[in-house]
Amino acid sequence: MPMLKYVAKRSIEIVITLFIIATLTFALFRLMPSDPAGLILDPRSTPAETARIRELWGLDKSTAEQYLVFLRNMVRGEFGTSFFSNDDVYDIIKERLPATLLLFTTMILLSFSVGVYVGRLIAWKRGSKLEYGSTVVGMLLYSMPFFWIALLAIWIFSYKMGLFPLGGMKSPEVWDYAAHSGVFAKALDIGHHLILPLAVGVVTFFPGVMLMMKTVMIETLGEDYITTARAKGLSERRVRDEAASTVMLPMVTDLTLSLVWSFSGSIIIESVFSWPGLGAKFLEAAVNYDYPVVQGAFVIMGAVLLVAILVTDILYAYLDPRIRY
Amino acid sequence: MSIVMHKPKTKWQKRKEMIQNTWKLFKETKVGLVGVSILIIFLVMAFASFIPPILDEMYIPLYGSDPDIIGVTTPSLRHPLGTDFAGRDIFSQLLEGAKWAFIIGISAAVCSVVLSVVVGLISGYYGGVVDSLLQRTAETIMALPGFAVVVVVGSILRGIGIWSIVILISLFAWPYASKVIRAQVLSLRERPYIESARVSGASNFRIIFRHIAPNVLPLTFLYMAFSVANAILVEAALSFLGMGDPNIVSWGMMIHWCFQTGHTYTAPFWLVPPGLSISLLSLGFYLIGIGTEQIINPRLRKR
């Protein structure tokens, strides 16, 4: 039962954080210097028309009233309609979210597997050429702005060598024109589009995990219980496993932080690769002052992230026998 | 036999000795030394950014353009890295970018580190309600996608100036270091020397800033180095997305111009130098940070 209590406690905290995010979004849009109605209305429209639009959007109400309506709508999942396409924001998000989830779950899982594995290895082979080499390469990759790596990758692998598409997620000839494309051909097509953004993401993302893993692992190897394990005559493999199991704790914290970062990452990486995800839509909407879409994307992305964080927190509690909430 | 009288060392002699010792350790770490070398190269570039505009008006990074050139040209003697879409010299933009990278990186790092030290000290030392209030604030900020918030603010205010960007970067960067500093303070607080300071009547303010703060200083330096690199990378990403300050020439802005005008695949002489500069300079700061880390945490040193 204590676990259940912990989950309940964290869920409440998450709801509070989500509430803060929503309030922040609401407050941010009140910073706007101009009247939102003026943004999409023709400057020549009559005052009566403007008043009608303002009434339609609830802009004639007081700020407190607008806030309450805003919160009610957020809870109901009503984010309004886009200023530009007149589509329902909820539908836009529903259409865009899967692409982001596909790219980022594979990216984070892959980065963490590779990073943890290599980090563990080089911590063990400390002082070797392998450790030195991977640390240098890792640091270099870690310091590179990844939009730039993405541009270089598109330039080299797509533009020059023609190995991958220049961007996007689906080829129209597979999805729209050929009625007979099977599921397999479609999956292959998405996979083909996925490789380059995924590779760029992993290449820029795993070094951080690797270096962190190396540092914690080296610290752990100096602990007394590792000396004890060695003294007991356990095989090197067993000793390594013993060390790695405690090291996983700070790594889970790192995973949580990178989940938060992934929303920011998706904005950049999806824009460069024209990946039809929520991050790219978010930036597009922000540039076009399409506020309902920005608001909706922000709150939904926040909710998705917070749930993911809850899952990693539970994982953390599960991994650490000392923590029983 | 002669008796050598040791004169007690003055405060400044002790400090000088400490700095010398630290520098010796730092040099031994090698990574730190590489970092400092990279830093010096870019510092020279930053100071050299004042020279081209004096030589000729066409080398002014933002407004100057070559009267004989329209648009993008490949590198030549007159323009070592070619010119951009407006006929502006890319090399002088690169130097100007170095200057701004230092200004942005260091000012954001100072803001965020000062904030994290003050919060960490207060939170760790006082504990109780103050602590949990500050920690909840820190956690909420950590749970927010900071970059996305800055994009939204930039979009709402129709573009924000470089100082607003610096402040926003620091606002989202301080909790990480603050948590570590707080943990450090929590353990320092229980040490006997703090107890004796308290017994001898030192005020809380004096204990915090005179007895605890100097002990978290090395840690502060470490986070400072990391924050500079982080700020440079974040500003570059913002500028690249078109959310930067259009009135300054930063490396991210140069890549943005290159991308926006569709020269990404045709003008490597324009795309590569700013990106490489961002990578190397942030690498330099990260390496200095790692060097510092190895001094603070002897376990990480080579055996």
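Here the structure is a predicted model, which means the values were calculated and not measured.

(A) Inspection of the overall build of chain A at higher detail. Scanning chain A from terminus to terminus reveals 13 helices and 0 strands. Secondary structure of chain A in N-to-C order comes out as α-α-α-α-α-α-α-α-α-α-α-α-α. Counting only residues that meet the buried cut, chain A has 33% of its 325 residues in that class. Long-range pairs, those at least 24 residues apart, make up 72% of the contacts in chain A between residues at least 6 apart in sequence.

(B) Molecular detail of the overall build of chain B. A count of helical and extended segments in chain B gives 11 helices and 0 strands. When its C-alpha atoms are laid out on the principal axes, chain B stretches across 80 × 60 × 35 Å. Residue burial in chain B is summarised as follows: out of 303 residues, 44% are buried. The long-range fraction of contacts in chain B, counting pairs at least 24 apart against all pairs at least 6 apart in sequence, stands at 69%.

(C) Layout of the interface of chain B and chain A. Of the residues lining the interface, 36 residues belong to chain B; the matching set on chain A comes to 38 residues. At the level of secondary structure, the elements contributing two or more residues to the side of chain B that touches chain A comprise helix H5 (128-143), helix H6 (146-156), helix H9 (204-240), helix H10 (251-260) and helix H11 (268-296) of chain B. Its residues placed into classes, the side of chain B that touches chain A shows 26 nonpolar, 8 polar and 2 charged.

(D) Geometry of helix H4 (residues 90-126) of chain B. In this model, H4 of chain B (37 residues) spans 53 Å end to end at C-alpha, consistent with the 54 Å of a helix rising 1.5 Å per residue. Backbone geometry just after H4 of chain B places Gly127 of chain B at a positive phi near 65 degrees.

(E) Region of interest: helix H11 (residues 236-272) of chain A. All names here are of chain A. When the terminal C-alpha atoms of H11 are compared, their 45 Å separation across 37 residues is substantially less than the 54 Å that a helix rising 1.5 Å per residue should span. Of all bends in H11, the biggest is about 35 degrees, found at Ser264. At the exit of H11 stands Ser274, carrying a positive phi of roughly 45 degrees.

(F) Quick look at the packing of H4 of chain B against H9 of chain B. All names here are of chain B. Close contact between H4 and H9 brings their axes to 7 Å; oriented N to C, the two are set at 140 degrees. Of the two elements, H4 crosses H9, and the hand of that crossing is right-handed. Where H4 abuts H9, its residues Ala101, Ile104, Gly105, Ile106, Ala108, Ala109, Ser112, Val113, Ser116, Val117, Leu121 and Tyr125 lie against Ile208, Ile212, Ala213, Val216, Thr220, Tyr223, Met224, Ser227, Val228, Ala231, Ile232 and Glu235. Residues that form the contact of H4 with H9 fall into these classes: 18 nonpolar, 5 polar and 1 charged.

(G) The arrangement of the environment of Gly35 of chain B in detail. All names here are of chain B. Examined against the element boundaries, Gly35 turns out to sit in helix H2 (residues 31-48). Linking Gly35 and Thr10, residues 25 residues apart in sequence, is a C-alpha distance of 32 Å. Gly35 has contacts with Gly284, Phe285, Leu287, Ile288 and Gly291, leaving out every residue within four places of it along the chain.

(H) Looking closely at the environment of Phe102 of chain B. Residues and elements named next belong to chain B. With respect to the helices and strands, the residue Phe102 is situated in helix H4. Overall, Phe102 belongs to the partly exposed group, with 19 C-beta atoms counted inside 10 Å. Taking the C-alpha atoms as reference points, Phe102 and Ile232, 130 residues apart in sequence, are found 8.1 Å from one another.

(I) Spatial organisation of the confidence of the model for chain B. Per-residue confidence for chain B averages 84 on the pLDDT scale, and 95% of its residues sit at or above 70. Here helix H3 (residues 51-55) of chain B stands out as the element of chain B with the lowest mean pLDDT, 76, in contrast to H4 of chain B, whose mean of 91 is the highest.

(J) View of the environment of Tyr59 of chain B. Residues and elements named next belong to chain B. With respect to the element layout, Tyr59 can be found in the loop between H3 and H4. Sequence separation between Tyr59 and Asp89 is 30 residues, and the spatial gap between their C-alpha atoms is 5.8 Å. Setting aside chain neighbours within four positions, we find Tyr59 in contact with Pro52, Pro53, Gly64, Asp89 and Ser92.

(K) Spotlight on the nonpolar core. By size, the foremost hydrophobic cluster in this structure holds 151 residues, and its most contacted members are Ala150 and Ala297 of chain A together with Val151 and Ile232 of chain B. In this view, Val151 of chain B contacts Ile267, Leu283 and Ala286 of chain A together with Leu241 and Met243 of chain B; residues no more than four positions away in its chain are not counted.

(L) Spatial organisation of unusual backbone geometry. All names here are of chain A. The phi dihedral of Ser274 falls on the positive side, at around 45 degrees, and the residue is not glycine. On the secondary structure map, Ser274 appears in the loop between H11 and helix H12 (278-287). The exposure class assigned to Ser274 is partly exposed, which follows from the 15 C-beta atoms found within 10 Å.

(M) Focus on the packing of helix H5 (residues 89-124) of chain A against H12 of chain A. Residue and element names in this part refer to chain A. Between H5 and H12, the shortest axis-to-axis distance is 7 Å and the interhelical angle comes to 130 degrees. Regarding the angle of H5 to H12, the classification is oblique. The residues of H12 that touch H5, namely those facing Ile92, Ile93, Arg96, Leu97 and Thr100, are Leu278, Gly279 and Lys281. Looking at side-chain class alone, the contact of H5 with H12 contains 4 nonpolar, 2 polar and 2 charged residues.

What counts, and at which threshold
- Within any chain, residue numbers begin from 1 and follow the written order of that chain's sequence.
- Whichever chain is written first becomes A and whichever ligand is written first becomes 1, with later ones labelled in order.
- Whole-chain, interface and lining totals are the exception, using all residues; otherwise, since this is a predicted model, local features are given only for residues with pLDDT of at least 70 and side-chain atom pairs are given and counted only at 80 or more.
- In DSSP terms, a helix is any run of H or I states spanning at least four residues, a strand is any run of E spanning at least two, and both are numbered starting from the N terminus.
- Partly exposed residues are those whose C-beta has more than 12 but fewer than 20 other C-beta atoms within 10 Å; with 20 or more the residue is buried, with 12 or fewer it is exposed, and the C-beta atoms are placed from the backbone.
- For every residue pair, C-beta atoms are placed from the backbone, and the pair is scored as a contact if these atoms sit within 7 Å.
- Each residue gets one of three labels, nonpolar for Ala, Val, Leu, Ile, Met, Phe, Trp, Tyr, Cys and Pro, charged for Asp, Glu, Lys and Arg, and polar for the others, Gly among them.
- Multiply 1.5 Å by the residue count of a helix minus one, and that product is the helix's expected span.
- Take the seven residues that end at a residue and the seven that start at it, fit an axis to each, and the angle between those axes is the bend at that residue.
- Between the N-to-C directions of two axes lies an angle of 0 to 180 degrees, each axis being a line fitted to C-alpha atoms and, for a helix, fitted only over the stretch in contact.
- Take the far helix as your reference; a near helix turned counterclockwise from it by less than a right angle gives a left-handed crossing, and one turned clockwise gives a right-handed crossing.
- The predictor attaches a confidence to each residue, called pLDDT, with possible values from 0 through 100.
- Any set of buried Ala, Val, Leu, Ile, Met, Phe, Trp, Tyr and Cys residues joined through C-beta atoms within 7 Å is what this text calls a nonpolar core.
- For classification, angles of less than 35 degrees are called roughly parallel, those exceeding 145 degrees roughly antiparallel, those between 65 and 115 degrees roughly perpendicular, and all remaining angles oblique.

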